Amino acid sequence: MEFLGTTQTATYCGPKKPCGGSALPSVASGPTVQECYQPYYLPGYRYLNAWRPSLFYKVANAQTCLDEGATCRSALRPPTILPAVRSALFCRYSPQDWDQSNRLQLCGAEASRLWAGRMTGDSMRLMQDKDQLTRQMQEGTCRNLGQRLSDIGFWKSELNYELERLLNENHSLDAIKRRLECAAEELRCPLQVALECLYQREKRIGIDLVHDNVEKNLIREVDMIKCCQEQMRKLAQRIDIQMRDNRDAQHALERDLEDKNSAEFIDEKCLNLRNTSDCISFFHGVEKIDGTISVPETWAKFSNDNIRHSQNMRANSIRLREEAQNLFDVLADQLWRQFTNTNLAFNARIAEETDVKNKLQTQLAKTLQEIFQTENTIMLLERSIMAKECPLKVAQTRLECRTRRPNVELCRDSPQFKLVNEVFTIDDTLQTLKLRLRETRDTMQLLVMTKCRLEHELAIKANTLCIDKEKCMAMRKTFPSTPCMGICP
């Protein structure tokens, strides 16, 4: 192994080797030269061209057999001559060449040394600058990671706060929904009461089967209760749809919060990594991979949009809850007013029926009294008629006896006039009394019929009073003293 650029010792100055034959062999190929300097590449920087010196040495592969070497020397070297003339024949350089070569070698060595010194200083400065740059970049990365963790913490707190408020709003909305369903279900009892009152009032008899104010209020109450139930069910369906939207917003917040937790864990792990950590390694080409899907503006906008969407859902939920509360108040007021109006109509109708019944009972009592008096009158008339028969008989007997007077004694004298007048008067009295007896008996029949009608009307009124007062009003006492939707949890 020899350095290039130096003189080599002539091969003929060595010991003489015997040659193997007279035939000249073919010229062997020149020595193979390979580079002994192997460049060193830092891990992860294989694509960079490492520095390599401009002066390097080569190794000659002269691994040939001795015979071949001898043959080559014998083929290339002229025949051996006398020692006196060797130097004259084979010396190629002069002393000036030798001095110039030495000066050049010294100048080249000095230049190489100076260049190597400058290179060493530049390398030290370069290493210091790069070390400082690397340290500053690593510190900047740590600051950025810390700021990123601060941003993640801020948005996590905002998401947690909004998620908590949304969960509370969902709970309140679910409570108001159950309250609506409970109120709509509890209105079945007042509806059943009103319908039962209508069915019971269909059992009224005769003229009392009238479409009165009570029936109108009962029909209005039934319609109002059904309308209230329908409104509550529709509002409950709207609340159910809003709760689904709230759950979507809740899932978006929870998913965003979960992603924030994962990112915070990863960034904390990255922030805690040091040059002396055990878990660091090379990942060649990872810096060329860009798997990001957002920038800080879109990243913040995503969470802000989720929060704004949740706030909008909460605002809609609050409006629905207020609408439900207003519906409770309005419907409770309407139902309670209608219930009161129906009860007032019942009370007024019951008072009217009671008054009519009392009047009928009074009339019945008077009719019974009149019947009693009429019966006495009939009895007295009969007795009076019977009492007039004897005087009539006496008068007629007297007239008949006086018709048997003889001859001229049949005189139309004063007794005759009196007797005739008496007979006519008694007979007229009898006819008058008999006529009055018939009229009194007709009146008696009329009074009896009136008594029957009054008793029938009293039975009708008693039935109506029993339906309105004892059945309907007794059922309506079960209606709550406060509106059902107001006391439902």
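Quick caveat: nothing in here was measured; it's all calculated off a predicted structure.

Student: Just to check I follow, could you spell out the overall build of the chain for this structure?
Tutor: Scanning the chain from terminus to terminus reveals 8 helices and 2 strands. Sorting the 489 residues of the chain into buried and exposed places 26% on the buried side. Sequence-distant contacts in the chain: of pairs separated by 6 or more residues, those separated by 24 or more amount to 87%. As displayed, the chain has an accessible area near 34,200 Å², and 57% of this comes from carbon and sulfur atoms.

Student: Would you take a moment to explain the UniProt feature "coiled-coil region" (unreviewed entry) in the chain for this structure?
Tutor: The sites that carry the UniProt feature "coiled-coil region" (unreviewed entry) are, in the present numbering, residues 350-377. The straight-line gap between the two end C-alpha atoms of residues 350-377 is 39 Å; of that span, 100% is helix and 0% is strand.

Student: Hey, could you run me through the pattern of salt bridges in this one?
Tutor: Any two side chains of opposite charge can pair, on the condition that their charged atoms come close. All chains considered together, the criterion is met by 30 salt bridges. Put simply, Lys461 and Asp208 hold a salt bridge, and the shortest N to O gap is 3.2 Å. Here Lys461 is found in helix H7 (residues 414-476), whereas its partner Asp208 is found in the loop between helix H4 (188-201) and helix H5 (213-272), with 253 residues between them in sequence. Assessed through its relative accessible area of 7%, Lys461 is described here as buried. Taking relative accessible area as the criterion, Asp208 reaches 4% and is therefore assigned buried. Connected through salt bridges with shared partners, the residues Arg201, Arg204, Asp212, Glu215, Arg349, Glu352, Glu353 and Asp468 form a single ionic network.

Student: Teacher, can you tell me more about the confidence of the model for the chain here?
Tutor: Fine structural detail should not be taken from predicted coordinates in areas where pLDDT scores are low. Taken as a whole, the chain shows an average pLDDT of 81; of its residues, 79% reach a score of 70 or greater. Of all the helices and strands in the chain, strand E1 (residues 32-35) carries the lowest mean pLDDT, 41, while H5 carries the highest, 93. Predicted confidence for residues 1-76 stays below pLDDT 50, and this span has 48 contacts to residues more than four positions away or in other chains. A low-confidence stretch, residues 481-489 (pLDDT under 50), is modelled with 18 contacts involving residues beyond four sequence positions or located in other chains.

Student: How should the side chain of Glu215 be read in this particular structure?
Tutor: With respect to the helices, strands and loops of the structure, Glu215 is situated in helix H5. Classification of Glu215 as buried rests on a relative accessible area of 12%. The residues touching Glu215, leaving out its near neighbours within four places in the chain, are Leu198, Arg201, Glu202, Arg204 and Val210.

Student: What's the story with the nonpolar core in this structure? I'm lost.
Tutor: A general feature of soluble globular proteins is that nonpolar side chains tend to end up buried together. Core analysis: the largest hydrophobic core is formed by 35 residues, its most contacted members being Leu180, Met232, Leu235, Ile239 and Phe346. When residues of this core are traced back to their parent elements, those giving at least two are helix H3 (95-186), H4, H5, helix H6 (296-402) and H7. Ile371, Leu399, Val423 and Leu430 belong to the second-largest nonpolar core, a separate cluster that totals 15 residues.

Student: What is the right way to look at the environment of Ser172 in this model?
Tutor: Summarising the element assignment, Ser172 is placed in helix H3. Residues Ser172 and Ile318, 146 residues apart in the sequence, show an inter-C-alpha distance of 9.1 Å.

Student: Could you clarify how one ought to interpret the packing of H3 against H4 in this entry?
Tutor: When two helices pack together, you describe them by how their axes are tilted relative to each other and by the distance separating the axes. Between H3 and H4, the shortest axis-to-axis distance is 4 Å and the interhelical angle comes to 15°. With respect to H4, the element H3 is oriented roughly parallel. Judged by residue contacts, Ala184, Glu185 and Glu186 of H3 engage Arg188, Cys189 and Pro190 from H4. Of the residues that constitute the contact of H3 with H4, the class distribution is 3 nonpolar, no polar and 3 charged.

Student: How should I be thinking about unusual backbone geometry in this particular structure?
Tutor: Trans peptide bonds make up the majority, and among non-glycine residues the majority have a negative phi. Of note in the backbone geometry, Asn407 takes a positive phi value of approximately 45° without being a glycine. Mapped onto the elements of the fold, Asn407 is located in the loop between H6 and H7. Exposure remark for Asn407: the relative accessible area of 70% places this residue in the exposed category.

Student: For this particular structure, what's the right way to read the side chain of Glu264?
Tutor: The residue Glu264 is located in helix H5 in this model. Setting aside chain neighbours within four positions, we find Glu264 in contact with Leu149, Ile152 and Lys156.

Student: I tried to follow a nonpolar patch on the surface on my own but got confused; where do I start?
Tutor: There is a patch of nonpolar side chains on the surface, built from Phe283, Val286 and Ile289 and spanning about 360 Å² of accessible area. Since its relative accessible area comes to 66%, Ile289 is described here as exposed.

Student: Would you explain the environment of Asp267 in this entry?
Tutor: Its place among the elements puts Asp267 in helix H5. For Asp267, a relative accessible area of 15% gives the class buried. The sequence separation of Asp267 and Gly146 amounts to 121 residues, and the corresponding C-alpha distance is 8.4 Å. Once residues within four sequence positions are removed from consideration, Asp267 is found in contact with Leu145, Arg148, Leu149 and Ile152.

Quick notes on the rules
- Residues numbered from 1 in each chain as written.
- Predicted model: local features only at pLDDT ≥ 70, side-chain atom pairs only at ≥ 80, totals over all residues.
- Heavy atoms only, no water.
- Helix = DSSP H or I, 4+ residues; strand = E, 2+ residues; numbered from the N terminus.
- Buried < 20%, exposed > 50% of the residue type's maximum accessible area, 1.4 Å probe, protein only.
- Contact = heavy atoms within 4.5 Å.
- Areas by Shrake-Rupley, 256 points an atom, 1.4 Å probe, with all protein chains shown as cover.
- UniProt positions renumbered as here; feature names shortened; annotations may be inferred.
- Salt bridge = Lys/Arg side-chain N within 4 Å of Asp/Glu carboxyl O.
- pLDDT = per-residue confidence, 0-100.
- Core = buried A, V, L, I, M, F, W, Y, C linked by side-chain atoms within 4.5 Å.
- Axes fitted to C-alpha atoms, helices over the stretch in contact; angles between N-to-C directions.
- Parallel < 35°, antiparallel > 145°, perpendicular 65-115°, else oblique.
- Nonpolar A, V, L, I, M, F, W, Y, C, P; charged D, E, K, R; others polar.
- Patch = residues over 30% accessible without salt bridge, like charges linked within 9 Å, V, L, I, M, F, W, Y side chains within 5 Å.

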